[in-house]
Amino acid sequence: MSTEPRAQTPTWLPYFLLCSLIWGSGFALIKIGVEADIAPAWVAFWRCFFGAAVLWLLVLGRRLAVPRSAKVWGHALVVGTVLNALPFVLFALGEQDISSLQAGVWNAMIPLFTLLWVLVMLPSEKPTPRRLAGLVTGFTGALVVLGVWDGVDSSMLAGSIACLVAVASYGLGYTYTRKYLSDVDSPALTLTAMQIGLATVELALLAPFSTGSPSLPIWPGAGPMLAMVVLGTIGTGVAYMWNLNVIRAVGSTVASTVAFLTPMWAALIGVLFLDEVLHWNTVLGALLIISGVLLTRPPKREPAAAAPPVGTSAAGGAVRGGAAE
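Within every chain, residues take consecutive numbers counted from 1 along the sequence as written. Residue-level local features of this predicted model are given only where pLDDT is at least 70; pairs of side-chain atoms are given and counted only at 80 or more, and the full residue set underlies all totals for whole chains, interfaces and linings. Heavy atoms throughout the structure, all of them, feed into the side-chain values; hydrogens and water do not.

A. View of the overall build of the chain. The numbering of helices and of strands both runs from the N terminus, where a helix is a DSSP run of H or I of at least 4 residues and a strand a run of E of at least 2. Secondary structure assignment for the chain yields twelve helices and zero strands. Secondary structure of the chain in N-to-C order comes out as α-α-α-α-α-α-α-α-α-α-α-α. Here the chain holds 325 residues, and 56% of them are scored as buried. The criterion used for residue contact is that any of the two residues' heavy atoms lie within 4.5 Å. Long-range contacts, defined here as pairs at least 24 residues apart, represent 89% of the contacts in the chain between residues at least 6 apart. Using a 1.4 Å probe, the Shrake-Rupley method yields the accessible areas, and only the shown protein chains count as cover for residues. With the model as given, the accessible surface of the chain reaches about 14,600 Å², and the carbon-plus-sulfur share is 67%. Think of it in three bands: residues with accessible area under 20% of the maximum for their type are buried, residues over 50% are exposed, and the middle band is partly exposed, with areas taken using a 1.4 Å probe on protein chains only.

Pasting the structure below:
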């Protein structure tokens, strides 16, 4: 008796789902940190510090070459600032006023802001009616999330603006990476370790002067500190490796769709573990934002020029960006 062969699960799919879960849960970890009175700059520092430690251990373990060019290090410094240090601080700052699930929804707008920066910084990219419709749809979704018809609470508005500026910074970082680092002849792992390492140095200089930041002897508690360790080592370190496996297996276009799942995990974890409330307008707004992102993505027959490289999110590390895999 013959039987049909059983369909096998693609080897990349578990990594893809784990990355979406890790990055989606990162917003809850940030929330734990800020509710323990860890200043936003210190939240950002710890996640960069632990993430950089993991990535540099991998670079050293694999004996990867490190660029010596001052120009490459300079570009890595810029990327580390706008793709790690600045948005990490801003997301933690924003979550002082809004829920982790709302922050997860704002994070889904990264591709929309990336497209805006691409249109500004890369003259070869031309706006199309489809992409413009996507931008309008996505930003309409943002207004729905805010519930503008009822007026916007000042604290929610401040927190949302901080997260949106962070997302805009991500978009700038992706576009800058594509323009200046995508052709550098170095492994993605090395470039990412460089940028996050430099971001760690920046935050080490900034954090002691931030408002309410603790001095090193002050201990925020085992739970909050464990959240920072997981946020850095797993979210910025291990998940980066897994995301790289996905990109190598199916390309950056498929890998970038992880951004569609992170709001779902952020909402689920926020509701179940942080007693956050999921309002109907947040769900509808998130669907509009994701629809807008889908519209901005070029059809398959076109090169996926505007699709941002995935790997840095509010809870993640970064991959070398720009070239479509």
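B. Representation of the nonpolar core. Residues enter a nonpolar core if they are buried and are Ala, Val, Leu, Ile, Met, Phe, Trp, Tyr or Cys, with the set joined through side-chain atoms within 4.5 Å. Val43, Phe91, Trp106, Met109 and Met228 are the most contacted members of the largest nonpolar core, which has 75 residues in total. Here this core gets 13 residues from one element, more than from any other, and that element is helix α2 (residues 40-61). If sequence neighbours within four positions are ignored, Val43 has contacts with Ile30, Gly33, Val34, Ile38, Ala92, Met228 and Leu231. By size, the runner-up hydrophobic cluster in this structure holds seven residues, among which are Trp23, Ala239, Val246 and Val258.

C. A look at the confidence of the model for the chain. The pLDDT score gives, residue by residue, the confidence of the prediction method on a 0 to 100 scale. With 82% of its residues at a pLDDT of 70 or more, the chain has an overall mean of 81. Contacts of residues 302-325 to residues separated by more than four positions or lying in other chains number 101 contacts, the stretch itself having pLDDT below 50.

D. Representation of the environment of Leu295. As for its placement among the helices and strands, Leu295 is situated in helix α12 (residues 280-296). C-alpha separation for the pair Leu295 and Gly134, spaced 161 residues apart in sequence, amounts to 4.6 Å. Leu295 has contacts with Arg130, Arg131, Ala133, Gly134 and Thr137, leaving out every residue within four places of it along the chain.

E. Quick look at the environment of Phe16. Assignment of secondary structure puts Phe16 in helix α1 (residues 13-35). Of the residues examined, Phe16 reaches a relative accessible area of 9% and is grouped as buried. Put simply, Phe16 and Ala239 are 223 residues apart on the chain and 9.3 Å apart in space, counted from C-alpha to C-alpha.

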